[in-house]
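Examination of the molecular architecture
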Amino acid sequence: MQAGKLRHRIRLQKPVRSQSPVTGAIVNSWADVATLWANVTDVSVREFVAAQAGQSELTTRITIRYRSDVSAKHRIIFRGKIYNIHGVLADDKSGSEYLTLPCSQGVNDG
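Scope of this entry: the structure provided in the associated data block. (Residues numbered from 1 in each chain as written. Predicted model: local features only at pLDDT ≥ 70, side-chain atom pairs only at ≥ 80, totals over all residues. Heavy atoms only, no water.)

Each helix and strand counted, the protein chain has 0 helices and 7 strands in total. Starting at the N terminus, the α and β elements of the protein chain follow one another as β-β-β-β-β-β-β. Here the protein chain holds 110 residues, and 31% of them are scored as buried. The contacts of the protein chain with a sequence gap of at least 6 include a subset with a gap of at least 24, amounting to 52%. (Helix = DSSP H or I, 4+ residues; strand = E, 2+ residues; numbered from the N terminus. Buried < 20%, exposed > 50% of the residue type's maximum accessible area, 1.4 Å probe, protein only. Contact = heavy atoms within 4.5 Å.)

Structure, rendered in structure tokens:
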């Protein structure tokens, strides 16, 4: 993967659970794992009506350098927007050069 193609700065986040010191309740939140260079490409937009509220879902393909710790449980922050990862696809040549992450933004921003 050529470095020039990875021109966008993203944040990779993982889900974390912690206990509130005040209430003792379990709190679900997100923690930054890494700040990475990526190629972010919008693929399509799907609009639909649910409960008489218009919603749209933006499908995006995000390409990053290979990391062994990325999974569909993670999410990405790019330009202040949350992208949910739907899968992790290794490159077709060596399998360890880059990852393609099919993502969606707009519905269920986790």
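Next up on the list: unusual backbone geometry. At R79, a position not held by glycine, the phi torsion is positive, near 55 degrees. Relative to the elements of secondary structure, R79 occurs in the loop between β4 (75–78) and β5 (81–85).

Next up on the list: the environment of K73. Within the secondary structure, K73 is located in the loop between β3 (53–65) and β4. It is 8.4 Å that separates the C-alpha atoms of K73 and H86, two residues lying 13 residues apart in sequence.

What follows deals with the nonpolar core. I10, I62, I64, I76, L101 and C103 are the most contacted members of the largest nonpolar core, which has 16 residues in total. For this core, the secondary structure elements donating two or more residues are β1 (8–19), β2 (26–50), β3, β4, β5 and β7 (98–105). In terms of residues, this core owes the most to one element, β2, which gives 4 residues. The residues touching I10, leaving out its near neighbours within four places in the chain, are A34, T35, L36, A38, V40, I62, I64, I76, I77 and F78. (Core = buried A, V, L, I, M, F, W, Y, C linked by side-chain atoms within 4.5 Å.)

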